[in-house]
Amino acid sequence: MAGKIINLKLISLCFLILLVLFMNACKSDKKKPEKAKIETVNYLKESEESFDQRMKWWRDDRFGMFIHWGVYAVPAGIYNNKEVKGHNGEWIMNNAQIPVIEYEKFAKQFDPAKFDANEWAKTMKDAGMKYVVITSKHHDGFGLWDSKVSDYDVVDFAPFGKDILKALSKACKKQGIKFGLYYSIIDWHHPEAQAINYPNYNNWEDLKANPKFSSYLENYMKPQLKELIENYDPEIIWFDGEWIPDFTHEQGLELYQYVRSLKPSILINNRVDKGRSGMQGMNKEDKKYAGDFGTPEQEILETTSTLDWESCMTMNDTWGFKTNDHHWKSTEVLIHNLIDVTAKGGNYLLNVGPTAEGLIPKPSIDRLKQIGKWLKINGEAIYATEKLQNNYKQGDHIRFTKEKGKSVYFSIVMKKPGKTIILKNLRPDENSTIQLLGMEKSLKWEFNAEEGLKIVIPKEILNTWNKNTYAWTFKINGNEI
Ligand code: H79
């Protein structure tokens, strides 16, 4: 009897212990996934909805300023009294094969006394630009902020001694301009990156991988990016120089994860990974690459794309300032580019290369003012628009856009029209009015299925077209046919 009771007691004890263990297991099972979720969000597997939400402001904003500024503005394209070959002023260290310690002498002269962050932000605003991307560090490795990871920056190394990114991010916030940072993966100054033969570096003709590159990525790039994100709260990180053999697809995926984990809402261009296919800038399709948008460089996509893209372009032939580059695109070309890009569903990131004194060159300022004037009248057809379902263009001189989610269409005509224009793909709502943006009077129109939409432009309006008109926008309520 006693044995049985002991047995029973033992069995119930065992049962109790098992129950407690089981309940604990359940509890920790419940806890684990929650904790794991917080630590390991996979930003590479974002839902379409959350991607659309993150991209919204950028898609609406359309037009931004790119700024290439750094030590290269000091030599400004000239080394040892000779004009250095190659378009790009910011490539002078490489193009003229300047050893690191020689190039550092230019950094010791970087003292842009006329830099005025508020003035720059106002220039952007007046140009109708809604965001900016500035070179926090270009390929030469010199930082425009007070980095704690490096002394090779404007505060610790240059006579200027002031944090440029701090001033500009503040000024942009004041003007409502979104702040973005370019960051070069290439670094000609860092011994664990391209300065593998320090003080010479791994030049363009003889690119070889640095076996220490992953240490540079972990211990230099990542901490710098962390500083940039924590201190200047950028909305965009714009990588470049991803093509070097040192940098791998796996590192790209990890870098994307890393930057998003520091600021989940941030946007990152496709040069964070190895997908870019040449200067056309969109991703190859052999696998899934990281990055939120494609980056055509110095060109505009031939046609629309289902993926987001941003065309970056210079106003003359160089990104970083060059004394002798006077090959400026006309305001007309720049405005027509913005129109073409918008109609194709892209963004336009237009570059300025400020001087070593800290001034945006006058030819750039002049063009930006004109673009701003045009946008004041025609901005409706650019911002917060989307591309049409069928035709984004009619011939060489007409482009279409439409108000996002509305049946409001814009036909932008980039050449002085005749007394009438005929549009083939739009049918206005009955009794609706057609407006030429910037003019009070609404225009007469007729529609028939064979000919299309005919808009009549009265002579007194036609006569107002002049060399500063650049393009006219017709606003039409209706539908695509
Ligand atoms: O920052 C500006 C330039 O300094 C930088 N990008 C802009 C925004 C730039 N660096 N190099 N280039 C532009 C031209 C380089 C082109 C090439 Fe390639 C790199 C040719 C071969 C490797 C890109 C990647 C085209 C093919 C692969």
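Residues numbered from 1 in each chain as written. Predicted model: local features only at pLDDT ≥ 70, side-chain atom pairs only at ≥ 80, totals over all residues. Heavy atoms only, no water.

A. How the structure looks around the overall build of the protein chain. Looking only at helices and strands, the protein chain has 11 helices and 20 strands in total. Taken along the three principal axes of its C-alpha coordinates, the protein chain extends 115 × 70 × 40 Å. Within the protein chain, buried positions represent 52% of all 481 residues. Just so you have it, the protein chain exposes about 22,900 Å², and 54% of that area is on carbon and sulfur atoms. (Helix = DSSP H or I, 4+ residues; strand = E, 2+ residues; numbered from the N terminus. Buried < 20%, exposed > 50% of the residue type's maximum accessible area, 1.4 Å probe, protein only. Areas by Shrake-Rupley, 256 points an atom, 1.4 Å probe, with all protein chains shown as cover.)

B. Structural view of the site of the ligand. The full set close to the ligand counts 16 residues, and His-68, Glu-90, His-138, Asp-240 and Glu-297 are the nearest of them. A distance of 2.5 Å separates an oxygen atom of the ligand from a polar side-chain atom of Glu-90. Tyr-182 is positioned such that a nitrogen or oxygen atom in its side chain is 3.4 Å from an oxygen atom of the ligand. Split into classes, the residues belonging to the shell around the ligand amount to seven nonpolar, four polar and five charged. (Near = heavy atom within 4 Å. Polar contact = N/O pair within 3.5 Å; in protein donor to acceptor, adjacent residues only side chain to side chain. Nonpolar A, V, L, I, M, F, W, Y, C, P; charged D, E, K, R; others polar.)

C. Geometry of the sheet that holds strand 8 (residues 310-313). The strand order across the open sheet built from seven strands is 7-6-5-4-1-9-8, with neighbouring strands paired in parallel fashion. Two strands lie at the open edges of the sheet, namely strand 7 (267-268) and strand 8, each paired on one side alone. Strands strand 1 (63-67), strand 8 and strand 9 (347-352) of the sheet are contacted by helix 9 (residues 331-343), whose axis makes an angle of about 150° with strand 9. (Pairing = 2+ DSSP bridges. Contact = heavy atoms within 4.5 Å. Axes fitted to C-alpha atoms, helices over the stretch in contact; angles between N-to-C directions.)

D. Seen up close, the nonpolar core. Core analysis: the biggest nonpolar cluster contains 102 residues, and Ile-67, Met-124, Phe-142 and Phe-239 have the highest contact counts within it. The element that contributes the greatest number of residues to this core is helix 7 (residues 213-232), accounting for nine residues. Contact partners of Met-124, with chain neighbours within four places excluded, come to Met-65, Ile-67, Met-129, Val-132, Leu-168, Cys-172 and Ile-177. Residues Leu-423, Ile-434, Leu-453 and Trp-465 belong to the second largest nonpolar core, which totals 20 residues. (Core = buried A, V, L, I, M, F, W, Y, C linked by side-chain atoms within 4.5 Å.)

E. Focus on the pairing of strand 8. The alternating pattern of strand 8 places Glu-310 and Cys-312 on one face and Ser-311 and Met-313 on the opposite face, and all of these are buried. Pairing of strand 8 with strand 9 involves four bridges; the strand directions are parallel. Residue pairing for strand 9: Glu-310 is matched across the bridge by Asn-347. The parallel pair strand 8 and strand 9, bridged by helix 9, forms a crossover whose chirality is right-handed. (Right-handed = clockwise from strand over helix to strand, strands pointing away.)

F. Representation of the pattern of salt bridges within the structure. Per the stated rule, a full pass over the model turns up 29 salt bridges. A salt bridge links Arg-271 to Glu-297, with the nearest nitrogen and oxygen atoms 2.8 Å apart. Linking Arg-271 in the loop between strand 7 and strand 8 with Glu-297 in the loop between strand 7 and strand 8, this pair joins segments that are 26 residues apart in sequence. Taken as a pair, Arg-271 and Glu-297 share a single burial class, namely buried. Glu-380 is the partner of Lys-475 in a salt bridge, and the nearest nitrogen-oxygen pair spans 2.7 Å. Note that Lys-475 is positioned in strand 20 (residues 472-480) and Glu-380 in the loop between helix 10 (362-378) and strand 10 (385-386), a separation of 95 residues in sequence. (Salt bridge = Lys/Arg side-chain N within 4 Å of Asp/Glu carboxyl O.)

G. Representation of helix 6 (residues 164-175) in the model. The end-to-end C-alpha distance of helix 6 is 17 Å, a good match for the 16 Å that 12 residues give at a rise of 1.5 Å each. Turning to helix 6, its buried residues are Ile-164, Leu-165, Leu-168, Ser-169, Ala-171 and Cys-172. The buried residues of helix 6 occupy an angular sector of 165° when the element is viewed end-on, so they sit on one face. Exposed side of helix 6, more than 90 degrees from the buried face: Lys-166, Lys-170, Lys-173 and Lys-174 are the residues found there. Buried residues in helix 6 make contact with strand 1, helix 5 (117-127), strand 4 (131-137), strand 5 (178-184) and helix 7. (Expected span 1.5 Å × (residues − 1). Arc of directions from axis to C-beta.)

H. Region of interest: the sheet that holds strand 14 (residues 420-423). Overall, antiparallel pairing links the three strands, which are arranged 14-19-18 in an open sheet. Among the strands making up the open sheet, the edge pair consists of strand 14 and strand 18 (445-448). Geometrically, the sheet is characterised by an average inter-axis angle of 15° between neighbouring strands, direction not taken into account. Pairing analysis gives four bridges linking strand 14 to strand 19 (residues 452-456), with the strands arranged antiparallel. Note on strand 19: the bridge partner recorded for Leu-423 is Leu-453.

I. View of the packing of helix 9 against helix 10. Between helix 9 and helix 10, whose axes approach to 9 Å, the crossing angle comes to 45°. Considering their axes alone, helix 9 and helix 10 lie oblique with respect to each other. The handedness of the crossing between helix 9 and helix 10 comes out as right-handed. For the pair formed by helix 9 and helix 10, the contact residues are Thr-331, Leu-334, Ile-335, Leu-338 and Ile-339 on the first element and Arg-367, Gln-370, Ile-371, Trp-374 and Leu-375 on the second. Counted by class, the contact of helix 9 with helix 10 contains seven nonpolar, two polar and one charged residues. (Parallel < 35°, antiparallel > 145°, perpendicular 65-115°, else oblique. Left-handed = near helix turned anticlockwise from the far one by under 90°.)

J. Just the packing of aromatic side chains, in detail. Applying the stated rule across the entire model yields 24 aromatic pairs. Each ring, one from Phe-66 and one from Trp-238, has its centre 4.9 Å from the other, and the planes form 55°; the classification is tilted. Placement of the pair is Phe-66 in strand 1 and Trp-238 in strand 6 (residues 236-240), with a sequence separation of 172 residues. Classification of Phe-66 as buried rests on a relative accessible area of 1%. (Phe/Tyr/Trp six-rings, centres within 6.5 Å; stacked < 30°, edge-to-face > 60°.)

K. Inspection of the packing of helix 5 against helix 6 at higher detail. Viewed as axis vectors pointing N to C, helix 5 and helix 6 meet at an angle of 45°, and their least axial separation amounts to 8 Å. Considering their axes alone, helix 5 and helix 6 lie oblique with respect to each other. The way helix 5 lies across helix 6 gives a crossing that is right-handed. The residues of helix 6 that touch helix 5, namely those facing Ala-117, Asn-118, Trp-120, Ala-121, Lys-122, Met-124 and Lys-125, are Ala-167, Leu-168, Ala-171, Cys-172, Lys-174 and Gln-175. When its residues are assigned to classes, the contact of helix 5 with helix 6 shows eight nonpolar, two polar and three charged.

L. Summary view of the side chain of Arg-59. Within the secondary structure layout, Arg-59 lies in helix 2 (residues 48-61). At 3.0 Å, the side chain of Arg-59 forms a polar contact with the side chain of Asp-52. Residues in contact with Arg-59, not counting those within four places in the same chain, are Phe-51, Asp-52, Asp-308, Asn-347 and Lys-404.

Nothing here speaks to function; it is all geometry.
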